[in-house]
Amino acid sequence: MAFLDHVLQPPSYGWQDEAGNLIKPSSGQILKEFFTRLNIFKDRKRWLSFFSWAQVLCLMPFFFLFIFKYFNWWLLAAGFLYSMVLMGTHGTIWYHRYGTHRAYKFSNKFWRFFTQNFVIKVVPEETYIVSHQVHHAKSDQPGDPYNANAGFLYCFLADVNHQPIAKDLSEEDYETAVKLVQHTGIKANTYAQYQKWGSIAKPGRTVLHWILNWSFWYLVFYLIGGHALAITLFAGAFFWAVGVRTFNFEGHGKGKDKRKEGVDFNWDDMSINQYWPGYVAGEWHNNHHLFPRSARSGFMPYQLDLAWCYIKLLSMIGGVSEYRDAKKQFYAEYVTPYIENKKDKGAVPGPIAKEI
């Protein structure tokens, strides 16, 4: 836990007060921190945060072009499916279950590369993976980089304010941080380069990857449906890039206890299972917090898990060599005891009634 206590760069307002209570900064403090950390002219070590939001701004013209020039209902449907389903599911497959939790293994580098670049790339692996390890270790506690108890803006701007790695790690701690992401194929900076750039990722390779990824997908979309389709799907990527920053606030009950008996079985934090992110992206969040290293989190019959479908398909054709599936453990430790307890009391309310 000591490493995860200091691997992230703390915000100027801090994680907790002297009594150990969560510091809830004002909107003004959060915005000041955000724009300060984007100022690469003052400190080049802020480049990754700047680059992350620069990608979002580069997607914005596509969104407006779609709205004002190419809009029609068919293209809207295509953009919606690409954004919510394809990019959402990819986020679960790549960043969440593989990148952070290593819930499965690829058979070779081809399938890893294919999965990594299956959609328009807008999130740096380093930003997501390292901070998400901290999120699970400190879920809803001070130090959680997107703690819903501190409000919407605290979560929405977390990738800049709370998720970047610390800029003063020891060489030993830096190497530990590198090990958290190296399985994704990232070519890490040396410690001397990290001291210069403040990141694991190399700036040149990161920017080149971005250019090649976007160029490839624009060409593919253009060949399929011309500029109209290409611009629409890039507009969808913009919508996802903004919307995904709202997820952890929603997925942890907006700072309130919204867990439901018979739906949510993890009572150690405020994570909740939600139908929308569950169906479109396989993100059954309360289940995931129970078994974070499981390649499947849609355990119940009604919990469609498209991310798991992809992982299972790859395993069937040889793209995934092994995976963890906690469904049996979930039923044995939580569902079956719950059902038996309710049977004894004469009632099994809610969706879990289907299990009887």
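Residues numbered from 1 in each chain as written. Predicted model: local features only at pLDDT ≥ 70, side-chain atom pairs only at ≥ 80, totals over all residues. Heavy atoms only, no water.

**A closer look at the packing of aromatic side chains**
Here the structure, examined in full by the defined rule, presents 51 aromatic pairs. Plain terms: the ring middles of Phe 221 and Phe 234 are 6.2 Å apart, the flat faces sit at 75° to each other, and that makes the pair edge-to-face. A single burial state applies to Phe 221 and to Phe 234, both of which are buried. Centre to centre, the rings of Trp 284 and Tyr 302 are 6.3 Å apart; their planes meet at 90°, and the pair counts as edge-to-face. Here Trp 284, found in the loop between α13 (275–281) and α14 (285–290), pairs with Tyr 302, found in the loop between α14 and α15 (306–317); they are 18 residues apart in sequence, far enough to count as distant. Both residues of the pair, Trp 284 and Tyr 302, belong to the buried class. When the ring centre of Trp 197 is taken as reference, the NZ or CZ atom of Arg 44 above it lies at 5.6 Å. Seen from the ring of Trp 53, Arg 245 lies directly overhead, with NZ or CZ sitting 4.5 Å from the centre. (Phe/Tyr/Trp six-rings, centres within 6.5 Å; stacked < 30°, edge-to-face > 60°. Buried < 20%, exposed > 50% of the residue type's maximum accessible area, 1.4 Å probe, protein only. Helix = DSSP H or I, 4+ residues; strand = E, 2+ residues; numbered from the N terminus. Lys NZ or Arg CZ within 6 Å of the ring centre and 35° of its normal.)

**Let's talk about the nonpolar core**
Within the largest apolar cluster, 76 residues are counted, with the highest numbers of intra-cluster contacts made by Val 7, Tyr 104, Ile 120, Val 122 and Ile 200. Broken down by element, this core gets its largest block of residues, 14 residues, from helix α11 (residues 203–243). Sequence-distant contacts of Ile 200, defined by excluding residues within four places in its chain, comprise Glu 126, Val 130, Ile 165, Tyr 174, Ala 177, Val 178, Val 181, Ile 186, Lys 187, Ala 188 and Asn 189. One finds Phe 265, Leu 290, Tyr 302 and Ala 326 within the second-largest nonpolar core, a separate group that totals 13 residues. (Core = buried A, V, L, I, M, F, W, Y, C linked by side-chain atoms within 4.5 Å. Contact = heavy atoms within 4.5 Å.)

**Topic: helix α6 (residues 125–137)**
End to end, α6 covers 19 Å across 13 residues, agreeing with the expected 18 Å (1.5 Å per residue, within 8%). Considered for burial, the residues of α6 that qualify are Glu 125, Glu 126, Thr 127, Tyr 128, Ile 129, Val 130, Ser 131, His 132, Val 134, His 135 and His 136. (Expected span 1.5 Å × (residues − 1).)

**So, the pattern of salt bridges**
Applying the stated rule across the entire model yields nine salt bridges. When the shortest N-O distance is used, the salt bridge between Lys 121 and Glu 125 registers 2.7 Å. In terms of burial, Lys 121 and Glu 125 fall into one category: buried. Note that Asp 325 and Arg 296 form a salt bridge whose closest N and O atoms lie 2.7 Å from each other. Of this pair, Asp 325 sits in the loop between β2 (320–323) and α16 (327–345) while Arg 296 sits in the loop between α14 and α15, placing them 29 residues apart in sequence. (Salt bridge = Lys/Arg side-chain N within 4 Å of Asp/Glu carboxyl O.)

**Observations concerning a nonpolar patch on the surface**
Taken together, the side chains of Phe 64, Ile 67, Phe 68, Phe 71, Trp 73 and Leu 76 define a hydrophobic patch exposed on the protein surface, amounting to about 670 Å² of accessible area. Breaking the nonpolar patch down by element, the ones donating at least two residues are α3 (47–70) and α4 (73–100). (Patch = residues over 30% accessible without salt bridge, like charges linked within 9 Å, V, L, I, M, F, W, Y side chains within 5 Å. Areas by Shrake-Rupley, 256 points an atom, 1.4 Å probe, with all protein chains shown as cover.)

**Considering the environment of Gly 28**
Take Gly 28: it is sitting in helix α2 (residues 27–37). When its relative accessible area of 48% is taken as the criterion, Gly 28 is described as partly exposed. With 199 residues separating them along the chain, Gly 28 and His 227 place their C-alpha atoms 40 Å apart.

**Brief notes about empty space enclosed by the protein**
Any space left empty among the atoms is revealed by the rolling of a water-sized probe across them. All chains considered together, the criterion is met by one cavity of 30 Å³ or more. In terms of lining, the largest cavity is formed by Met 87, His 90, Tyr 95, Val 119, Ile 120, Lys 121, Val 122, Val 123 and Trp 240. Take the lining of the largest cavity: its biggest share by element is three residues, from α4. Tallied by class, the residues present in the lining of the largest cavity amount to seven nonpolar, one polar and one charged. (1 Å grid on protein atoms, 1.4 Å probe; cavity = no way out; pocket = protein on both sides within 12 Å on 5 of 7 lines; lining within 4 Å. Points joined across faces, edges and corners; volume = space filled by probe spheres on them. Nonpolar A, V, L, I, M, F, W, Y, C, P; charged D, E, K, R; others polar.)

**Some thoughts on the packing of α4 against α15**
At their nearest, the axes of α4 and α15 sit 9 Å apart, and the two run at 65° to each other. When the interaxial angle is binned, α4 and α15 end up roughly perpendicular. As for how α4 packs across α15, the hand of that crossing is right-handed. Contacts between α4 and α15 pair Val 85, Thr 89, Thr 92, Ile 93 and Arg 97 from the former with Leu 306, Ala 307, Trp 308, Tyr 310 and Ile 311 from the latter. (Axes fitted to C-alpha atoms, helices over the stretch in contact; angles between N-to-C directions. Parallel < 35°, antiparallel > 145°, perpendicular 65-115°, else oblique. Left-handed = near helix turned anticlockwise from the far one by under 90°.)

None of this, on its own, says anything about what the molecule does.
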